[in-house]
Amino acid sequence: MYRYQDTEINVVQGDITKVKVEAIVNAANNTLLGGGGVDGAIHRAGGRIILEQCKKIGGCPTGEARITVGGNLPCKYVIHTVGPIYKDGKSGEEELLYNAYYNSLKLAKEYNLDSVAFPSISTGAYGYPIEKAVKVAVKAVLDFIEEEDFPRQVKFVLFSERDFSIYDNYLKEVLKEN
Ligand code: ADP
């Protein structure tokens, strides 16, 4: 468990569809019509209502975020964001990834959802190296907390043991564990 200002930050290994928070974030694609990886898992576990609401929303530009209900998931809402496809690291990937995290938290604040779980956006099919991505993810979250004093809790949910260790080691470096 980590703390930054008044926010509790946790790093956990597991399946984000099982996490009980007010909002989970989905690493979606521009169509918002579902896909593989964490996106597929969220749509499968959440049920059709999520896809129906995504269809009405009609897509999402990279770096932005949109919101639907959680359907059958234990969370109330799903915040769908779209991370960048990693090319060479010089094509605006860092800013787009930062925006994906930051804009997800902005939407959480608008809906007053004060516990939010993130997967590792862009580091699966989209190929963003996780050792680089973790720094961007943590910076965006800490910046948001500093600027908005929100949310009360953030969970980083990593599917693999390796990803979990990378996140946990990085947070240990940046924040003091307590
Ligand atoms: P992207 O297209 O943004 O790269 P992916 O879903 O392919 O998204 O991968 C993002 C990360 O989500 C990967 O590290 C993958 O292992 C992880 N992941 C896949 N399924 C789940 C799940 N159910 N819960 C949490 N993380 C997951």
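Notes on the structure in this doc start here. Small disclaimer: the values here were computed from a predicted structure and weren't measured.

1. Considering the side chain of S122
- Here S122 shows up in the loop between β6 (115-118) and α4 (130-148).
- Beyond its immediate stretch of four places on either side in the chain, S122 contacts G83, P84, L97, G127 and Y128.

2. Regarding the packing of helix α1 (residues 37-46) against helix α2 (residues 48-57)
- Close contact between α1 and α2 brings their axes to 6 Å; oriented N to C, the two are set at 115°. Between α1 and α2, the residues in contact are I42, H43 and G46 and R48, I49, I50, L51 and C54, respectively.
- Tallied by class, residues from the contact of α1 with α2 come to five nonpolar, two polar and one charged.

3. A closer look at the sheet that holds strand β7 (residues 153-158)
- Strands sit in the order β1-β2-β7-β6-β3-β5-β4 across an open sheet of seven strands; the sheet is mixed. Since the sheet does not close on itself, it has two edges, and those belong to β1 (2-4) and β4 (65-69), each with one partner. Strand after strand, the sheet turns through a mean of 25° between neighbouring axes, direction not considered.
- Relative to β6, strand β3 (residues 23-28) is paired through two bridges, and the arrangement is parallel. Each bridged residue has a counterpart across the sheet, and for I24 the counterpart in β6 is A117.
- Strand contacts of α2: β4 and β5 (77-82), with the helix running at about 140° to β4, the strand carrying the most contacts.
- Contacting β3, β4, β5, β6 and β7, helix α3 (residues 93-110) crosses the sheet at an angle of about 150° to β5.

4. Describing the site of the ligand
- The full set close to the ligand counts 15 residues, and D15, V38, S122, G124 and A125 are the nearest of them.
- A distance of 2.8 Å separates an oxygen atom of the ligand from a polar atom in the backbone of A125.
- Note that an oxygen atom of the ligand is positioned 3.0 Å from one of the backbone N or O atoms of Y126.
- Bound to the protein, the ligand loses 88% of the 560 Å² it would expose on its own.
- The element best represented in the shell around the ligand is α1, accounting for three residues.

5. Regarding the nonpolar core
- With 42 residues, the main nonpolar core has I9, Y101, F118, F156 and Y167 as its most contacted residues.
- At eleven residues, α4 tops the list of elements feeding residues into this core.
- With 16 residues, the next largest nonpolar core counts L32, I42, C54 and A117 among its residues.

6. A few points about unusual backbone geometry
- In the segment running from F150 into P151, the intervening peptide bond is cis, with an omega of -5°.
- Positive phi is not limited to glycine here, since L32 has a value of about 60°.
- Along the chain, the position of L32 falls in the loop between β3 and α1.
- The residue S122 is not glycine, and still its phi comes out positive at about 75°.
- Residue class for S122 comes out buried when judged on its relative accessible area of 5%.

7. Here we look at the environment of S122
- Considering only alpha carbons, one finds S122 and A27, 95 residues apart in sequence, at a separation of 7.0 Å.
- Within the local environment of S122, its side chain forms a polar contact with the backbone oxygen of P84, the two atoms lying 2.8 Å apart.

Rules and cut-offs
Residues numbered from 1 in each chain as written. Predicted model: local features only at pLDDT ≥ 70, side-chain atom pairs only at ≥ 80, totals over all residues. Heavy atoms only, no water. Helix = DSSP H or I, 4+ residues; strand = E, 2+ residues; numbered from the N terminus. Contact = heavy atoms within 4.5 Å. Axes fitted to C-alpha atoms, helices over the stretch in contact; angles between N-to-C directions. Nonpolar A, V, L, I, M, F, W, Y, C, P; charged D, E, K, R; others polar. Pairing = 2+ DSSP bridges. Near = heavy atom within 4 Å. Polar contact = N/O pair within 3.5 Å; in protein donor to acceptor, adjacent residues only side chain to side chain. Areas by Shrake-Rupley, 256 points an atom, 1.4 Å probe, with all protein chains shown as cover. Core = buried A, V, L, I, M, F, W, Y, C linked by side-chain atoms within 4.5 Å. Buried < 20%, exposed > 50% of the residue type's maximum accessible area, 1.4 Å probe, protein only.

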